[in-house]
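Each chain is listed here by its residues.
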Amino acid sequence: MTVNKVWIITDDRNALGELCAGGRQLGETVSAVVFADKTQAEEAIQLGADEVYVFGQPSESVVIESYSKAIADMIREAEVNLVMVHASVSGKLIAGKIAAQLGTGALANISDIDVEDGIVVKHMVYGGAAVRTEKALSKTAVVTVGTGVFTALAKDPSRQGSVTEVNPELANTGIRVLETRPKQGEVVNLSSAKRVVGVGRGFASKDDLQMAEELAALVGAEMACSRPIAEGEKWMSKERYVGVSGAVVKPDIYLAIGISGQIQHMVGVNQAKTLVAINKDKNAPVFKQVDIGLVGDIYQVLPQIVAKLKEQKLVTV
Ligand SMILES: Cc1cc2nc3c(=O)[nH]c(=O)nc-3n(C[C@H](O)[C@H](O)[C@H](O)COP(=O)(O)OP(=O)(O)OC[C@H]3O[C@@H](n4cnc5c(N)ncnc54)[C@H](O)[C@@H]3O)c2cc1C
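Sequence order sets the numbering: in each chain, residues are counted from 1 along the sequence as written. Per-residue local features are limited, in this predicted model, to residues with pLDDT of at least 70; the limit for side-chain atom pairs, both in listing and counting, is 80 or more; totals at the level of whole chains, interfaces and linings are taken over all residues. Here the side-chain values reflect all heavy atoms present in the structure, with hydrogen atoms and water set aside.

Looking at an unreviewed UniProt entry, one finds the protein chain named FAD-binding protein, with Neobacillus paridis as its source organism. Entered under Sequence similarities (unreviewed entry) in the UniProt record, the comment concerning the protein chain runs "Belongs to the ETF alpha-subunit/FixB family." UniProt positions are given in the numbering used here, feature names are shortened, and annotations may be inferred rather than shown by experiment.

Following this line, the structure appears as structure tokens:
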């Protein structure tokens, strides 16, 4: 089933394709709100939006929440059924404000959404140990959506749509931006990777990760990790950890090396088409969840796999 009107709101270009695809899946018409220039509006139309509203980019004097009242007024007037906001820090703020303006609540960080006789969403609770199902009872449902929930469609340059620039009266947010600095470190987009090698505490030192990096390079995979590797050991950046509080990946293949397979990690990878694990403990929980399990010590198994791949001169495609 679908609803009549879906609006998507994002301040992140990377999330645009996935939200547009979600809009097409759930609604008859899709309207996108972007905070950027007109080029992003054209992209939104090619990715599935029927109409795009372009608001100015947030700046030192304009924070994204300044637009919340104007957007809520437009949503009310258009009698929108579902509003999906990208779950970035700013996205969550504006979703809360818009929901408040509409006299409802925002359903946060959904992992699944469906139209039955209303909007029904699922999201993880208790750190990923349980899934809660909720139904929106308000006329307009407001939800926040992280990456990995929908799969972006290929751009279709023949799609047509309308683009409207909006210059609303700014609401007083009581917030002033003092400083904006570009983010240091890597830019990683794990959600679109086709092959992912994930490393865990089975590695005894940071230097040993080089074995997994070599394997990843040979098969054209992105590197990911469990939370302790990023948050505890700080051997890899936070952008690379996968799970309930990290990234969600949907690759063709996910290889978990030295990862025990706790639920908080596995919810981030269980949409992989094929799951493979290497662990020295045959009772590790990960083996109950994978398609192919290899019981063995990383320090013996990985060098052999890498040597074999080099010997076979496998070419990645
Ligand atoms: C609220 C909350 C949110 C969380 N969110 C996340 C999250 O988003 N992502 C996440 O990853 N975790 C998350 N966690 C942590 C999670 O519960 C686990 O603690 C974590 O995933 C374990 O990481 P690990 O598998 O690398 O380490 P461990 O559980 O310590 O497992 C290491 C594994 O390596 C194996 N091993 C050891 N040596 C070798 C060897 N030489 N060769 C082969 N195998 C070996 C061991 O048998 C073991 O199975 C969260 C926890 C909480 C409470």
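Alright, that's what it looks like, and here's the rest.
A separate point is the sheet that holds strand β15 (residues 292-295). One requirement defines pairing of two strands: DSSP has to find at least two bridges between them. Here a strand is any run of E in DSSP of at least two residues, a helix any run of H or I of at least four, and the numbering for each starts at the N terminus. What the five strands build is an open sheet, ordered β12-β11-β13-β14-β15; its pairing is parallel. Of all the strands in the sheet, just β12 (222-225) and β15 have a single pairing partner and so form its edges. Here the strands of the sheet are splayed against their neighbours by 20° on average, with no regard to which way each runs. Helix α5 (residues 209-219) rests against β11 (195-199), β12 and β13 (253-257) of the sheet, and its axis sits at about 175° to β11. Contacts are assigned to residue pairs with any non-hydrogen atoms lying within 4.5 Å of each other. To obtain each axis, a line is fitted to C-alpha atoms, and for helices this fit is confined to the stretch in contact; angles are then taken between N-to-C directions over 0 to 180 degrees. Seen against the sheet, helix α8 (residues 298-312) touches β13, β14 (274-279) and β15 and runs at an angle of roughly 130° to β14.

Our focus in this paragraph is the side chain of serine 66. By the secondary structure assignment, serine 66 is in the loop between β3 (51-55) and α3 (68-78). Contacts described as polar in this section are N or O atom pairs within 3.5 Å, which, within protein, must combine one atom able to donate a hydrogen with one able to accept it, while residues neighboring in sequence count only if both atoms come from side chains. Only 2.6 Å separates the side chain of serine 66 from the backbone oxygen of valine 63, close enough to count as a polar contact. Apart from the residues lying within four places of it in its own chain, the contact partners of serine 66 are Glu169, Leu170, Ala171 and Thr173.

With that settled, consider the packing of aromatic side chains. The aromatic pairing rule takes the rings of Phe, Tyr and Trp, using the six-membered ring of Trp, and pairs them if the centres are within 6.5 Å, calling planes under 30 degrees apart stacked, those over 60 edge-to-face and the rest tilted. Enumeration over the complete set of coordinates arrives at four aromatic pairs. Measuring from ring centre to ring centre gives 5.2 Å for tryptophan 7 and tyrosine 53, while their planes differ by 25°; the resulting arrangement is stacked. With a gap of 46 residues between them, tryptophan 7 in strand β1 (residues 3-10) and tyrosine 53 in strand β3 connect regions that are remote in the sequence. Considered together, tryptophan 7 and tyrosine 53 belong to a single accessibility category, that of buried residues. Among the aromatic residues, those joined into a cluster by ring pairs are Phe35, Phe55 and Tyr67. Partly exposed residues are those whose accessible area sits between 20% and 50% of the maximum for their type, while under 20% is buried and over 50% is exposed, using a 1.4 Å probe and protein chains only.

With that settled, the discussion passes to the site of the ligand. The nearness test applies per residue and asks whether one of its heavy atoms lies within 4 Å of the molecule or strand. Every one of the 26 residues lining the ligand counts as a neighbour, but Ser226, Val242, Ser245, Ser260 and Asn279 are closest to it. Here an oxygen atom of the ligand sits 2.9 Å away from a polar atom, N or O, in the side chain of histidine 265. Residue lysine 280 places a main-chain N or O atom 3.1 Å away from a nitrogen atom belonging to the ligand. When the free accessible area of the ligand is taken as 990 Å², the share hidden by the protein chains comes to 77%. Contributions of two or more residues to the shell around the ligand are made by α6 (227-232), α7 (263-266) and α8. Of the residues assigned to the shell around the ligand, the class counts are seven nonpolar, 14 polar and five charged. For the accessible areas, the method is Shrake-Rupley and the probe is 1.4 Å, while residue cover comes only from the protein chains on display. Residues are grouped as follows: Ala, Val, Leu, Ile, Met, Phe, Trp, Tyr, Cys and Pro are nonpolar; Asp, Glu, Lys and Arg are charged; every other residue, Gly included, is polar.

This next bit is on the domain arrangement of the protein chain. Domain extents, as shown, originate in an automatic or database domain assignment. Once the domains are mapped, the protein chain shows domain 1 (3-165) and domain 2 (190-312). On the domain 2 side, the residues contacting the nine residues of domain 1 number eight residues. Put simply, buried area is the surface a 1.4 Å probe can reach on two separate parts but cannot reach once they are joined, added for both. Note on domain 1 versus domain 2: buried area summed over both sides is about 620 Å², and carbon and sulfur give 52% of it. Of all residues in domain 1, the largest losses of buried area upon contact with domain 2 belong to Met124, Gly127 and Gly148, amounting jointly to 53% of the total for that side.

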